[in-house]
Amino acid sequence: MPANRFWRSLLSVPAINRRALEKAKSLAADAIIYDLEDAVAPDRKAEARENLIRLYADDRPAGITAIRINPLDTADGRADMEAAIACRPDAVVLPKVGTIGHVSTAVSRLEQDAAAGDMKLWAMIETAEGVVNAAAIAGAFSSARAGGRLEALIVGVNDLRSETGVAPAAGRIYLVPWLMQTVLAARAGGIQVIDGVYNDFADSEGYAAECAEGAAMGFDGKMLIHPNQIAPANHHFGPSDAALAEARAIVAAFSAPGAERLNVVNLNGRMVERLHLEQAEALLLKFATLQTKEKDT
Ligand code: COA
Ligand code: MG
């Protein structure tokens, strides 16, 4: 995965809310997702599309941006896709992806239109069908392969709870098997995987705990609903000081004289293999990229 294509914090901004659209320009989220789907009432979809067309034309937002469209089997979804191609964000977010077919319809639409360039797709896994088919979906159009458009899976916990009847519970215990299945599917496909939103944006303690949990589960970042949620996500999904120190120690151990021909080394009484060296190098590269980004902003 190219070092610059990862996001710790992905803020959803309702495309109907002009104040929020303006505010988003000054926020430190790694990516902004302009939402045309569930955050916009049915009779205001056209107005929301016009807001985005104007936004990208007048003063194209800096940084990584995506547009979440309505399902492509609806008239709004098709109009949203047309608007997204006119805006040319980095990615289009597909809601309620249940089958490979949902992604292939979007891929065909992008391939038909030269104006789409190399826009990527991020698929929301938020239905029972989507979780069951996550591995096939992640594998079919993976951007890890040349020309593949699917760059990330994002879990949609609110829809998943509502469709399956799973009640909210501490630690998301009943959702964890499906969340982990989605993480595994994304890893098998070589793409990123983003944790779902935390609705109670006034509860900073509960939110921090969920960020820590999501990072420990292997998610790359988290989808957010409120500006207050950005800094904790950047913290929890970024490399910790302890992880950086460990990565530097592993690189140093493999750089010691004579270690270049070893596959395993002893690091303070622990076995470290070359796969740990690769992980350590990837982490240091990610950190260096983040530092460059923070210097630029
Ligand atoms: N993006 C950009 N700015 C946002 C924002 C967001 N998602 N959520 C809030 N803000 C802004 C507000 O406009 C306000 O700006 P101001 O200081 O210029 O007035 C400031 O942050 C503080 O907001 P606050 O008063 O705490 O909340 P609110 O009542 O304005 O908004 C929500 C609360 C939940 C309605 C709003 O956060 C929201 O719409 N979130 C996204 C919902 C969404 O996208 N859902 C679909 C995906 S799950
Ligand atoms: Mg949803």
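A short tour of the structure in this document, coming up. Values in this document were obtained by computation on a predicted structure and should not be read as measured data.

1. Concerning the overall build of the chain
Reasoning step 1: In terms of helices and strands, the chain carries twelve helices and ten strands.
Reasoning step 2: Computed over C-alpha atoms, the radius of gyration of the chain comes to 20 Å, within 12% of the 19 Å expected from 2.2 N^0.38 for 297 residues, which places it in the range of a compact globule.
Reasoning step 3: In terms of overall dimensions, the chain has a C-alpha envelope of 65 × 40 × 35 Å along the principal axes.
Reasoning step 4: Taking all 297 residues of the chain together, 45% fall into the buried category.
Reasoning step 5: Across the chain, contacts joining residues at least 24 apart in sequence account for 69% of those joining residues at least 6 apart.
Reasoning step 6: Of the charged side chains in the chain, 30 are positive and 38 negative, and the gap between their average positions amounts to 3 Å.

2. As for the nonpolar core
Reasoning step 1: Y34, L52, I67, L121 and L153 are the most contacted members of the largest nonpolar core, which totals 61 residues.
Reasoning step 2: Discounting chain neighbours no more than four positions away, the residues touching L153 are A123, I125, A134, I137, A138, T182, A185, A186, I191, Q192, V193 and I194.
Reasoning step 3: One finds W7, A91, V93 and W122 within the second-largest nonpolar core, a separate group that totals 15 residues.

3. Section: the coordination of the magnesium ion (ligand 2)
Geometry sets the ideal angles at a metal, namely 109.5 degrees for four tetrahedral donors and 90 or 180 degrees for six octahedral donors.
Reasoning step 1: Protein-derived coordination of the magnesium ion (ligand 2) comes from E126 (OE) and D159 (OD), at a distance range of 2.0 to 2.2 Å. Placement of E126 in the loop between β5 (120-125) and α5 (128-132) and of D159 in helix α7 (residues 157-164) is noted, with a sequence separation of 33 residues between them.
Reasoning step 2: When its relative accessible area of 21% is taken as the criterion, D159 is described as partly exposed.

4. A word on the pairing of strand β7 (residues 192-195)
Reasoning step 1: In β7, alternate side chains face the same way, and those of Q192 and I194 on one face and V193 and D195 on the other are all buried.
Reasoning step 2: Two strands pair when backbone bridges link them, and strand β6 (residues 150-155) and β7 are joined in this way by three bridges, in the parallel orientation. Following the sheet pairing, I154 is matched in β7 by I194.
Reasoning step 3: Across two bridges, β7 lies against strand β8 (residues 221-224) in parallel orientation. Among the inter-strand pairings, I194 is bridged to a residue of β8, identified as G221.
Reasoning step 4: After leaving β7, the chain enters helix α9 (residues 204-216) and then returns to the sheet as β8, a path that is right-handed.

5. Here's the deal with helix α4 (residues 100-112)
Every α-helix carries 3.6 residues per turn, so stepping three or four residues along brings you back to the same face.
Reasoning step 1: The end-to-end C-alpha separation of α4 is 18 Å, in line with the 18 Å expected for 13 residues at 1.5 Å each.
Reasoning step 2: When α4 is considered as a whole, its buried residues turn out to be V103, A106, V107 and L110. End-on view of α4: buried residues confined to an arc of 100 degrees, all on one side of the axis.
Reasoning step 3: Looking at the buried side of α4, the elements it contacts are α3 (75-87), β4 (91-94), β5 and α6 (134-140).

6. Some thoughts on the site of ligand 1
Reasoning step 1: Taken together, 15 residues sit near ligand 1, with S12, R19, K23, I225 and H226 positioned nearest.
Reasoning step 2: Between I225 and ligand 1, the recorded distance is 2.8 Å, taken from a backbone N or O atom to a nitrogen atom.
Reasoning step 3: One nitrogen or oxygen atom from the side chain of H226 is found 2.7 Å from an oxygen atom belonging to ligand 1.
Reasoning step 4: In isolation ligand 1 offers 880 Å² of accessible surface; the protein chains occlude 62% of this area.
Reasoning step 5: Residues of the shell around ligand 1, tallied by class, amount to nine nonpolar, two polar and four charged.

7. Some remarks on the environment of I154
Reasoning step 1: Inspection of the secondary structure puts I154 in strand β6.
Reasoning step 2: Residues I154 and D195, spaced 41 residues apart in sequence, show a C-alpha to C-alpha distance of 6.1 Å.

8. Notes on the environment of N133
Reasoning step 1: Position of N133 relative to the elements: it lies in the loop between α5 and α6.
Reasoning step 2: Separated by 33 residues in sequence, N133 and I100 have C-alpha atoms that sit 7.9 Å apart.
Reasoning step 3: Sequence-distant contacts of N133, defined by excluding residues within four places in its chain, comprise G98 and T99.

About the thresholds
Residues numbered from 1 in each chain as written. Chains lettered and ligands numbered in written order. Predicted model: local features only at pLDDT ≥ 70, side-chain atom pairs only at ≥ 80, totals over all residues. Heavy atoms only, no water. Helix = DSSP H or I, 4+ residues; strand = E, 2+ residues; numbered from the N terminus. Rg over C-alpha atoms; globule rule 2.2 N^0.38 Å. Buried < 20%, exposed > 50% of the residue type's maximum accessible area, 1.4 Å probe, protein only. Contact = heavy atoms within 4.5 Å. Lys, Arg positive; Asp, Glu negative; His and termini not counted. Charge placed at Lys NZ, Arg CZ, Asp CG, Glu CD. Core = buried A, V, L, I, M, F, W, Y, C linked by side-chain atoms within 4.5 Å. Donors = N, O, S within 2.8 Å, 3.2 Å for Na, K, Ca; no water. Pairing = 2+ DSSP bridges. Right-handed = clockwise from strand over helix to strand, strands pointing away. Expected span 1.5 Å × (residues − 1). Arc of directions from axis to C-beta. Near = heavy atom within 4 Å. Polar contact = N/O pair within 3.5 Å; in protein donor to acceptor, adjacent residues only side chain to side chain. Areas by Shrake-Rupley, 256 points an atom, 1.4 Å probe, with all protein chains shown as cover. Nonpolar A, V, L, I, M, F, W, Y, C, P; charged D, E, K, R; others polar.

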